[in-house]
Amino acid sequence: MSNSNAKNKPTEANSPVTSTLVSKAGEPLLVDNAENTNHGENADSAVDFTKLQSVVVSSPKSEEDEVIKKDQAAKQKIIEEARAAKEAEEEESESKTSQTEASEKKIEASEDKATYKNPDETEEDQPVKNDDNKELTAELPNSEDSETKDSETEQSKSELSKSEEPNEDQTHNEETSMSNASTTTNLPRRVAILGGNRIPFARSNGPYADASNIDMLSAALNGLIERYELQGERVGEVVAGAVLKLSRDLNLTRESALNTALDPQTPAYDISQACGTGLQATFAASNKIALGIIDSAIAGGVDTTSDAPIAVGDGLRKALIKLGAAKTNKQRLSALLNINPKEIIDSPQNGEPRTGLSMGEHQAITALEWNITREAQDELAVKSHHNLARAYEEGFFDDLITPYKGLTRDNNLRPDSSLEKLASLKPVFGKLNANPTMTAANSTPLTDGASCVLLGTDEWAEAHGLKPLAYIVHQETAAVDFIGKTGPKEGLLMAPAYAVPRMLERAGLTLQDFDFYEIHEAFASQVLATLAAWEDETFCQERLGLDKALGSIDRSKLNVNGSSLAAGHPFAATGGRILATAAKLLDQKGSGRALISICAAGGQGVTCILEK
């Protein structure tokens with residue numbers, strides 16, 4: 001990732017020596033062609049010929065042969081020393097490898113150019129012979145050239161001396177190069193949330209009964225692209241997913257992206273982690289941005305329980321496979337007779353494969369363990385509806401929602417919710433427990449919908465005229481043992497209680513250092529049990545390994561514009577909704593932090609921190 005400039009830094013043009021050897025009569029014996037020599041590449045091979053010149057001048061013509069031989073031997077020795085020095089430098093610093101190779105090639109080229117007979121030279125440049133038939137150059141140095149070369153010779157002395165000692169300038173240049181590389185790469189890069197969009201969420205088997213996952217995700221993406229004028233744009237990637245997918249949705253995100261005005265060269269792929277899918281998709285894309293792999297991305301999720309993936313039962317599937325492989329009528333009849341009517345259809349199960357219990361039944365157990373009251377749950381549910389209704393009235397969602405199939409608001413929203421109305425409802429989960437408290441009102445309903453967020457670097461945002469709303473600065477995913485595989489069982493939806501303190505420790509923050517808390521309301525009792533766990537000193541010490549309890553939060557900062565109990569919960573789409581809401585809240589405030597927490601099936605939790 002380095003953008004080092006050490007290899008490409010030219011050496012000074014006047015550093016190499018251009019020397020001329022002459023006889024007593026003033027006839028030149030050897031000329032290095034200054035015009036054809038790359039001074040920058042030969043800087044390290046410069047040499048002092050002063051002593052050699054004095055020998056030549058004092059020598060009689062009869063000794064010229066020997067002098068020339070000495071000159072050639074001296075020059076060859078110098079070249080070999082220069083090469084050895086270059087090899088040593090190459091071992092010390094890989095950043096100078098290219099410069100070393102280039103210098104050696106130029107030295108060889110200059111040696112070839114210094115030979116006494118060059119067939120490419122013009123007739124005027126051809127060497128002439130003296131009385132002893134020795135080839136000499138035809139040009140004689142003038143006094144001005146001699147003074148220049150003397151000056152260059154002195155300079156070469158200094159540079160040759162420096163080449164044998166640690167070069168402070170080179171060390172400084174190397175350090176500067178490394179510093180520049182670090183500044184240029186600047187990893188990890190900040191990842192900004194630049195905007196979000198979703199379609200209104202709808203109760204299952206309602207307005208979106210005929211809409212597929214691809215239909216809804218395409219609608220959410222198109223709304224985002226139109227709002228931020230991304231038509232024809234090739235963003236880094238699109239990452240999204242669904243919890244409930246039909247076989248035709250094998251390439252769900254790619255097909256949805258192709259339904260938009262994005263450049264079709266934009267790559268896309270699916271991801272899934274139950275209710276944490278939308279948030280986990282954002283992590284996957286933002287991590288690539290932080291590492292400098294891409295500059296922008298769109299992340300999101302979609303789910304529908306109206307278009308549930310009802311598949312052929314396992315018994316019927318195996319019978320059909322045997323039927324297709326049968327070669328005789330007897331074999332075909334045998335395959336058909338093995339079909340069990342009870343195994344014709346395979347409907348999606350609303351339960352954990354390991355326990356057979358639904359998410360609601362698991363949470364009913366947790367509510368009992370933490371003594372979460374019915375009144376507290378109903379109060380949280382009512383507040384969620386009131387906050388969401390107020391946010392709609394204030395226009396908070398005007399630039400976060402695209403109308404779809406006649407809906408402009410979430411149709412699960414009940415602005416007139418009250419504690420009296422909710423108190424009249426019967427429990428639907430944990431009915432066999434001693435004190436069932438979970439009702440349809442303080443639990444999220446089955447919901448259809450889609451959401452997405454736009455991510456990018458500051459530079460990408462500026463280039464597209466966009467303003468960062470907030471930055472994703474920390475993330476954490478955790479899982480708990482809800483089946484008692486290695487010890488005591490933990491509540492199915494309690495993983496965020498573990499994820500958040502780990503993330504806080506890494507960030508150097510406390511639970512109270514936030515302006516907003518966006519905690520997914522899968523069930524009111526889940527939110528309340530998580531908050532109670534953070535306030536419990538025994539839980540924090542024995543389960544989380546902390547010295548003391550994390551403490552309580554300011555409840556006025558919790559889900560200030562409503563959450564899943566009011567809006568609904570299309571599993572994979574919840575992450576995008578919460579991210580866009582939290583980022584806009586921070587942007588409106590102008591500064592601060594937001595803590596996001598989402599519980600997920602399989603005993604998992606996905607959390608992150610946003611900053612402005």
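Sequence order as written defines residue numbering, which begins from 1 separately in each chain. The predicted origin of the model limits local features to residues at a pLDDT of at least 70 and limits the giving and counting of side-chain atom pairs to 80 or more, whereas totals for whole chains, interfaces and linings rest on all residues. To get the side-chain values, all heavy atoms of the structure are used, and hydrogens and water are removed first.

J.: Outline the overall build of the protein chain, supporting the account with residue identities and numerical values.
T.: Segments assigned H or I by DSSP are reported as helices when at least four residues long, segments assigned E as strands when at least two residues long, and all are numbered from the N terminus. A tally of regular secondary structure across the protein chain gives 19 helices and 18 strands. In the protein chain, which comprises 612 residues, the proportion classed as buried is 47%. Residue contacts follow a heavy-atom distance rule, with two residues in contact if any of their heavy atoms lie within 4.5 Å. A fraction of 78% describes how many contacts in the protein chain between residues 6 or more apart in sequence connect residues 24 or more apart. With an accessible surface of roughly 30200 Å², the protein chain has 48% of that area assigned to carbon and sulfur atoms. Burial classification: accessible surface area is computed with a 1.4 Å probe over protein chains only, and a residue below 20% of its type maximum counts as buried, one above 50% as exposed, and the rest as partly exposed. To be clear on the numbers: accessible area is Shrake-Rupley with a 1.4 Å probe, and residue cover counts the displayed protein chains and nothing else.

J.: Describe the side chain of Asp263, with residues and values.
T.: Note on placement: Asp263 falls in the loop between helix H7 (252–258) and strand E8 (268–270). Buried charge without a salt bridge: Asp263, with Arg234 as the nearest opposite-charge side chain at an N-O distance of 4.7 Å. Counting of polar contacts relies on pairs of N or O atoms within 3.5 Å, with two restrictions inside protein: one atom must be capable of donating a hydrogen and the other of accepting it, and residues adjacent in sequence are counted only when both atoms are side-chain atoms. At a separation of 2.8 Å, a polar atom in the side chain of Asp263 contacts the main-chain amide nitrogen of Gln265. Leaving out residues up to four positions away in the same chain, Asp263 has contacts with Gly232, Glu233 and Arg234. We score Asp and Glu as negative and Lys and Arg as positive, and we do not count His or the chain ends. Take a side-chain nitrogen of Lys or Arg and a carboxyl oxygen of Asp or Glu: if they are within 4 Å of each other, that pair is a salt bridge.

J.: Tell me about the pattern of salt bridges, and please be specific about residues and values.
T.: Inspection of the entire model under this criterion finds 17 salt bridges. Residue Glu611 pairs with Arg593 through a salt bridge whose shortest N-O separation is 3.1 Å. Of this pair, Glu611 sits in strand E18 (residues 604–611) while Arg593 sits in strand E17 (residues 593–600); the two residues are 18 residues apart in sequence, bridging distant segments of the chain. For Arg593, a relative accessible area of 27% translates into the label partly exposed.

J.: For the packing of aromatic side chains, give the residues involved together with the corresponding values.
T.: Note on aromatic contacts: the rings of Phe and Tyr and the six-membered ring of Trp form a pair at centre separations within 6.5 Å, being stacked when their planes are under 30 degrees apart, edge-to-face when over 60 apart, and tilted otherwise. Tallied over the entire structure, the rule returns seven aromatic pairs. Plain terms: the ring middles of Phe396 and Phe397 are 5.1 Å apart, the flat faces sit at 85 degrees to each other, and that makes the pair edge-to-face. Both residues of the pair, Phe396 and Phe397, count as buried. One aromatic cluster in this structure is built from Trp370, Tyr498 and Phe539. When the ring centre of Phe201 is taken as origin, the NZ or CZ atom of Arg198, which lies over that ring, is 4.5 Å away. A ring is scored as having a charge over it whenever the NZ atom of a lysine or the CZ atom of an arginine sits within 6 Å of its centre and within 35 degrees of its normal. Over the ring of Phe397 we find Arg198, and its NZ or CZ is 5.6 Å from the ring centre.

J.: Provide a residue-level description of the environment of Glu521, including the pertinent values.
T.: Among the structural elements, Glu521 can be located in the loop between strand E16 (516–519) and helix H16 (524–535). For Glu521, a relative accessible area of 1% corresponds to the buried category. Residues Glu521 and Ser443, spaced 78 residues apart in sequence, show a C-alpha to C-alpha distance of 7.8 Å. Once you skip the residues sitting within four places of it in the chain, Glu521 turns out to touch Leu380, Ser384, Thr444, Val527, Asn559, Ser563, Ser564, Leu565 and Ala566. Polar side-chain contacts of Glu521 include one of 3.0 Å to the backbone nitrogen of Leu565.

J.: Could you give an account of empty space enclosed by the protein, with specific residues and numbers?
T.: The method works on a 1 Å grid over the protein atoms by themselves. A cavity is a set of points holding a 1.4 Å probe that cannot get out, a pocket is an open set with protein on both sides within 12 Å along at least five of seven lines, and residues with an atom within 4 Å of a point line them. Grid points are joined across faces, edges and corners, and a volume is the space filled by probe spheres set on the points. Per the stated rule, a full pass over the model turns up three cavities of 30 Å³ or more. The space that makes up the second largest cavity amounts to roughly 60 Å³. Every element with two or more residues in the lining of the second largest cavity is listed here: strand E5 (191–198), strand E14 (447–456) and helix H19 (574–589). The biggest single contributor to the lining of the second largest cavity is H19, with four residues. The classification used treats Ala, Val, Leu, Ile, Met, Phe, Trp, Tyr, Cys and Pro as nonpolar, Asp, Glu, Lys and Arg as charged, and all other residues, Gly among them, as polar. Its residues assigned to classes, the lining of the second largest cavity comprises five nonpolar, five polar and two charged.

J.: Which residues make up the packing of helix H15 (residues 495–507) against H16, and what values go with them?
T.: Helix axes are fitted to C-alpha atoms over the stretch in contact, other axes to C-alpha atoms as well, and angles between N-to-C directions run from 0 to 180 degrees. Between H15 and H16, the least distance of the axes is 9 Å, while the angle of their chain directions is 45 degrees. By the angle between their axes, H15 is oblique relative to H16. Note that H15 runs across H16; the crossing there is right-handed. Contact with H15, carried on its side by Pro496, Ala497, Val500 and Pro501, involves Gln526, Thr530, Ala533 and Trp534 of H16 and no other residues of that element. Looking at the contact of H15 with H16, its residues break down into six nonpolar, two polar and no charged. Any angle that is under 35 degrees is reported as roughly parallel, and any over 145 degrees as roughly antiparallel; angles of 65 to 115 degrees are reported as roughly perpendicular and all others as oblique. Note on convention: near helix rotated counterclockwise from far helix by under a right angle means a left-handed crossing. Clockwise means right-handed.

J.: An account of the pairing of E5 is requested, with residue identities and associated values reported.
T.: Among the eight residues of E5, eight are classified as buried, and the element is accordingly described as predominantly covered. Two strands pair if DSSP finds at least two bridges between them. Pairing between E5 and strand E15 (residues 470–479): three bridges, direction antiparallel. Bridge assignment links Ala192 to a residue of E15, and that residue is Tyr471. Summarising the sheet, E5 and E14 pair through six bridges and their orientation is antiparallel. By the bridge assignment, Gly196 is partnered in E14 with Val453.

J.: Go over the confidence of the model for the protein chain, please, and point to the residues and values.
T.: Detail in the predicted coordinates should be disregarded across regions flagged by low pLDDT. Overall, the prediction assigns the protein chain a mean pLDDT of 81, with 71% of residues at 70 or greater. Every residue is assigned a pLDDT by the predictor, reflecting its confidence on a scale from 0 to 100. Note on residues 168–184: pLDDT is under 50 here. Beyond four places in sequence and across chains, it has 13 contacts.

J.: Before we move on, can you summarise the packing of helix H9 (residues 314–325) against helix H10 (residues 329–337) with the specific residues and values?
T.: Orientation of H9 relative to H10, taken along the N-to-C sense of each, is 175 degrees, at an axis distance of 8 Å. When the axes of H9 and H10 are compared, the pair comes out roughly antiparallel. For the pair formed by H9 and H10, the contact residues are Ala319, Lys322 and Leu323 on the first element and Arg332, Ala335 and Leu336 on the second. Of the residues that constitute the contact of H9 with H10, the class distribution is four nonpolar, no polar and two charged.

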